Amino acid sequence: MERTYNPTPTPAPSPDIRQFLATQLNPNQMEAVTHGDGPLLILAGAGSGKTRVIAYRIAYIIRERQIPPWQILAVTFTNKAARELTHRVTELTGEDQVRQVRMGTFHGLCARFLRSEIELLGRRYDRNFTIYDTDDQLRVLKRQFAEAGLNPKLVSPNAVLGAIGRLKDRLASPAQAASASEAHNPFETAVATLYLRYQNALEAANAVDFGDLINLMLQLLENFPDVRQRYANRYRHVLVDEYQDVNEAQYRLVKAIAGDHRNLTVVGDDSQAIYGWRGADVRYILQFEQDFSECTTVRLEQNYRSTQTILVAAQAIEAGLTKRHAKELWTANRKGDPITGVVAGNETDEAQFVIREIDRLIGTGIGYRQIAILYRTNAQSRVLEEQLVRRRLPFQLVGGTRFYDRREIKEVIAYLHLLVNPHDTDAFRRAGGTRKGLGNTTMDKFVDWATETSRPVVDGLISLLRAEGAERPAPLIIGTVGPDLDEQSAVMGPLPWNRRAHELLLAYARDLDAFITGLQTLSLPDLLDLLLKRTGFREYLLEHRDDNGEERWENVQELMSVVTEYGVSGADEGLRLFLENAALVSDADTIRAGPRDDVVTLMTLHTAKGLEFPAVFIVGMEEGIFPHSRALEDGNIDEERRLCYVGITRAMQALYLVGCRSRSFRGMFVENDPSRFLRELPGELVRWVDGNGFRLDAARVMEMQSGAWPGHGASRAAGSWGGGTAIGSPSNLPHRPVGPDRPLPPGAPTPIRPWSGQATRIGGPPSTRQASPGASGPGVPNIRPFNGPSPTPLRPGLENIPGLRRANDLTPGARQTQTSPAPPAPPLPTYGLDERVRHPSFGDGTVIQIEPGRGTEVMIQVKFDTIGVKKLSTGLAPLTRIP
DNA sequence: GGAGCTCTTGTTTTT
DNA sequence: CAAGAGCTCC
């Protein structure tokens, strides 16, 4: 392929820009930011200021190299990351510029591109295509099971959907899947059959799934040279974040756009590749230097986030990986407190430990927002939530079931989808399912009829209405005998359903007709309002008195308030924007957009990627939970290991790894061994305690390290193996949980004090501090303000960095920090005697004493108006001045 | 067609 | 333990 783009020589950065950047970036970061044309690989370790570098690089390209911002394409994996990047670049270039940069997720960008290009693929799709989520996909697939006469009990639809997804990740078409499937393997054969049917069903519905978004765009780029040319010419500077997580389709997409001009910057950390299950392949980042042989490689190896202790622990886990890019993280931060390893009895004990410890942390002046609880699977959040509610600690749960995944919400949205995409058969069925009297039999008949007569479902409905109008000008009164169906066949042909069904379909049609009219005349909120009233949606929910109709109606009202934001334009445009958002934006993304409260954050380890928190709890540190049993079965422990690495490196100062001997799982008690990750922690970094916070003695620690929960023998002898797990003899159970309603007095002292002064002052610089020599030539970081044995400032006072927003309008960890990595060290906030301050949980108070803390830390005593005197660290406490 | 019941079954992470 | 599928009865 010919190169069509002649790179202009990169102008040398002007001295003053360089000078400015030097105050913001370390030498390696600087090299990455100012790199000119040509491929650039940035290997960015955890906490090394990666997002900062991308943001500065984009700003540099625009401001210093005078590249028009619309020539820049920046791709991330999550909306959260995209928003964060937008935010950062905005600070550097201003909104006018950033708006022109094309930034988004792979899926979001492809959706956008496809809206204008997809019709080139022929009549298969049109620009109004619907994006199907997992739930939609499964519904379609199950229907294919039925139609293909396959028994969903013999082959799990979920497994088939997974297989189809993986085929799509590898760009395998249904035909390829069929020819590749082994004739004797019934599963593969079934997958191939179902894949074909599924794909046809999606096409017929003018619908695409997540995989299609990428793959169809790729088809356009690879099969239409002029399209590829257009995109390659327009986006002359391409940046891809989290490159270790690209799958084959995404990789080829990037190559299709940037392969000629080769102005491609990829950023990633192979040690943080945790999406293999989604088709991502670390190989692509490992091979980048071969793919783009002229590339420059920059390593960001200084970690600005975590204490040495945390970093060393992370590296101990990382060391178990079989292959990775050579990369040695180091930090100039202080050694910090030991990691707390916790051996709890069961999952309730585990949760109670966490909560008690949070209480204690709060007592030392840490804010709730500085604390995160991470777990492997969403199901683990339940116990934690219960205990948090019981103790009345403020928290937010991130992830789990998406708002837009709730059944009632999907039902409402199905109506809306029908207004945009009249082919959307699944939406027709879903919305129809909420209509009293309309059941599967009728809908099946109708869909079949519409298909046979080549009508999109909505057009089919409307045509019933027309035929009705033509033949029976007077509206039918329900109950009267209608015209014989033969009468209609003159217009419609024979209709295979009865009179009653016909009335129901007509009512459906009239509703849709009214909404379609509303699309032109109303705003989206008004349209939704009309929709809910006209369909009697509230009554539908409440009459379905099975469980919680009220709650569901509240969700629908919540949807109403979300939609309000789309009210400025006409309903048609607003609706398209809204639906795109609903399809591609996760709950987590929307929740975080709101004002930040001072709350503890609960989420999965996966969701936590990219975030950071001063204090992190990782729970469920047991074999089978983390590492997950399925990963153990499949033998891909490496990915679990990287996930553990990701989790540990979220922590800035305090890290707790909590596991328990037994837990109830799927309604049964199970006993797991301690996680191998616990056992691999270097012993000298960990302080081991039991679920009540009492130190484990050396013997028990040894036991633990040899792979068994300490002190297990005695309780096992008395417990589960003993014959009588008879009801009424609870003492026989292996471990008695602390009574669930045992009150914990506020501020009650707990036995462990991980934040106490012990073990913080360490003599010489530890070995991790040296930059690895091979890193990048002479650019050994030196003269870092953080150098030397002095502890780093803890919570940086972000408000002191010019151009940065105040911490409290930032996401929990994400934006709150990461902005602090570069020298010079941001000064701690200072307070004067008698100054009035505000704390989110303690209220307002007056500074009554100031004294030095550890290192550069400053402790102040504040007399709060309501709760008395508290001693707080200025670096840690979420204090604000009251003017 | 649909309500209400029992039984089975699944068990990770997310765009 | 929860959700979904399948069954029965109206």
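What counts as what
- Residues numbered from 1 in each chain as written.
- Chains lettered and ligands numbered in written order.
- Predicted model: local features only at pLDDT ≥ 70, side-chain atom pairs only at ≥ 80, totals over all residues.
- Heavy atoms only, no water.
- Helix = DSSP H or I, 4+ residues; strand = E, 2+ residues; numbered from the N terminus.
- Buried < 20%, exposed > 50% of the residue type's maximum accessible area, 1.4 Å probe, protein only.
- Contact = heavy atoms within 4.5 Å.
- Areas by Shrake-Rupley, 256 points an atom, 1.4 Å probe, with all protein chains shown as cover.
- Pairing = 2+ DSSP bridges.
- Salt bridge = Lys/Arg side-chain N within 4 Å of Asp/Glu carboxyl O.
- Near = heavy atom within 4 Å.
- Polar contact = N/O pair within 3.5 Å; in protein donor to acceptor, adjacent residues only side chain to side chain.
- Phe/Tyr/Trp six-rings, centres within 6.5 Å; stacked < 30°, edge-to-face > 60°.
- Lys NZ or Arg CZ within 6 Å of the ring centre and 35° of its normal.
- Axes fitted to C-alpha atoms, helices over the stretch in contact; angles between N-to-C directions.
- Expected span 1.5 Å × (residues − 1).
- Disulfide = S-S within 2.5 Å.
- pLDDT = per-residue confidence, 0-100.
- Core = buried A, V, L, I, M, F, W, Y, C linked by side-chain atoms within 4.5 Å.

1. Things to note about the overall build of chain A
The number of helices and strands found in chain A is 35 helices and 22 strands. The 883 residues of chain A split such that 57% are buried. The long-range fraction of contacts in chain A, counting pairs at least 24 apart against all pairs at least 6 apart in sequence, stands at 75%. Accessible surface, chain A: about 36900 Å² in total, of which carbon and sulfur atoms supply 53%.

2. Focus: the pairing of strand β17 (residues 686-690)
For a regular strand, the rule is simple: side chains alternate between the two faces of the sheet. Burial runs high along β17: four of the five residues are buried. Both strand β9 (residues 339-344) and β17 contribute to a ladder of five bridges, which runs parallel. In the strand pairing of β17, Gly341 is matched with Trp688.

3. As for the pattern of salt bridges
What the rule picks out here adds up to 46 salt bridges. Asp133 is the salt-bridge partner of Lys410, the closest N and O atoms lying 2.5 Å from each other. Placement of Lys410 in helix α19 (residues 407-420) and of Asp133 in the loop between β4 (130-131) and α7 (134-148) is noted, with a sequence separation of 277 residues between them. A relative accessible area of 8% places Lys410 in the buried class. Residue classification places Asp133 among the buried residues on the basis of a relative accessible area of 9%. Among the salt bridges present, the one from Asp634 reaches Arg630, with a minimum N-O distance of 3.8 Å. You can see Asp634 and its partner Arg630 sitting in helix α31 (residues 629-634), four residues apart, about one turn around the helix. Taking the relative accessible area as the measure of exposure, Arg630 reaches 54% and is therefore exposed. It is possible to trace a salt-bridge network through shared partners that takes in Asp133, Asp135, Asp136, Arg139, Lys410, Asp426 and Arg430.

4. Let's talk about the environment of Ala159
Among the structural elements, Ala159 can be located in helix α8 (residues 157-169). Overall, Ala159 belongs to the partly exposed group, its relative accessible area being 33%. It is 37 Å that separates the C-alpha atoms of Ala159 and Ile355, two residues lying 196 residues apart in sequence.

5. Here's the deal with the protein's contact with DNA strand C
Close to DNA strand C lie Lys142, Lys153, Arg382, Arg666 and Gly667. Take the atoms of DNA strand C that sit within 4 Å of the protein: sugar and phosphate atoms are 60% of them. Between a phosphate oxygen of DNA strand C and a side-chain N or O atom of Arg382, the distance comes to 3.2 Å.

6. Focus on the packing of aromatic side chains
Scanning the entire structure with this criterion turns up 22 aromatic pairs. With a centroid separation of 5.7 Å and an interplanar angle of 85°, the aromatic rings of Tyr243 and Phe288 are classed as edge-to-face. Residue Tyr243 is located in the loop between β6 (237-240) and α13 (248-258), and its partner Phe288 is located in helix α15 (residues 288-291); the two are separated by 45 residues in the primary sequence. Ring plane angle 10° and centroid distance 4.3 Å describe the contact between Phe617 and Tyr656, whose orientation is recorded as stacked. In this pair, Phe617 sits in strand β13 (residues 613-618) while Tyr656 sits in strand β14 (residues 651-660), placing the two residues 39 residues apart along the sequence. Grouping aromatic residues by their ring pairs yields a cluster made of Tyr415, Phe428, Phe446, Trp449, Trp497, Tyr508 and Phe515. The side chain of Lys255 reaches across the aromatic face of Phe292, ending 6.0 Å from its centre. The ring of Tyr284 is capped by Arg283, whose NZ or CZ atom sits 5.7 Å from the centre of that ring.

7. Notes on the sheet that holds strand β10 (residues 371-375)
What the seven strands build is an open sheet, ordered β11-β12-β10-β13-β14-β9-β17; its pairing is parallel. Bordering the open sheet on either side are β11 (395-397) and β17, each of which pairs with just one other strand. With direction set aside, neighbouring strand axes in the sheet form an average angle of 20°. As defined by bridge partners, β13 adjoins β14 across five bridges and the pair is classed as parallel. By the bridge assignment, Val616 is partnered in β14 with Leu655. Each of β10, β11 and β12 (600-604) is contacted by helix α18 (residues 381-390), which is oriented at about 155° to β11, the strand it contacts most.

8. Topic: the environment of Arg406
Position of Arg406 among the secondary structure elements: in the loop between β11 and α19. Assessed through its relative accessible area of 30%, Arg406 is described here as partly exposed. As for Arg406 and Pro157, which are separated by 249 residues in sequence, their C-alpha atoms are 20 Å apart.

9. Details of α7
An α-helical turn contains 3.6 residues, so a residue and the one three or four places further along point in the same direction. Helix length check: α7, at 15 residues, gives a terminal C-alpha distance of 21 Å against a target of 21 Å (1.5 Å per residue), a fit within 8%. Among the residues making up α7, those that are buried are Asp136, Gln137, Leu138, Val140, Leu141, Gln144 and Phe145. Tucked into the core, α7 has its buried residues touching β4, α8, α10 (186-204), α19 and α20 (425-432). The N-terminus of α7 is capped by Asp133, whose side-chain oxygen sits 3.0 Å from the backbone nitrogen of Asp135. Of the residues trailing α7, Gly149 is marked for its positive phi of about 70°.

10. What about the state of the cysteines?
As enumerated under the stated definition, the model contains zero disulfides in all. Cys644 supplies the cysteine sulfur nearest to Cys660, a cysteine that is in no disulfide, at a spacing of 16 Å. Of the residues examined, Cys660 reaches a relative accessible area of 0% and is grouped as buried.

11. A word on the side chain of Asn247
Looking at the element boundaries, Asn247 is found in the loop between β6 and α13. For Asn247, a relative accessible area of 7% gives the class buried. In this structure the side chain of Asn247 is engaged in a polar contact, spanning 3.0 Å, whose partner is the backbone nitrogen of Ala249. A polar contact of 2.8 Å, which involves the side chain of Asn247, links it to the backbone nitrogen of Gln250.

12. A closer look at the confidence of the model for chain A
Taken residue by residue, chain A gives an average pLDDT of 78. The fraction at 70 or more is 76%. Segment residues 1-9: pLDDT under 50, and 13 contacts once partners within four positions in sequence are set aside and those in other chains are kept. Ignoring residues within four places in sequence, the model shows residues 853-857, a span with pLDDT below 50, making 20 contacts including any to other chains.

13. Quick notes on the nonpolar core
Counting residues in hydrophobic clusters, the biggest one holds 57 residues, and the most contacted among them are Phe428, Phe446 and Phe578. A total of ten residues in this core trace back to one element, the largest contributor, which is helix α24 (residues 499-521). The contacts of Phe428, once residues within four sequence positions are left out, are Leu418, Met443, Phe446, Val447, Val457, Leu461, Leu505 and Tyr508.

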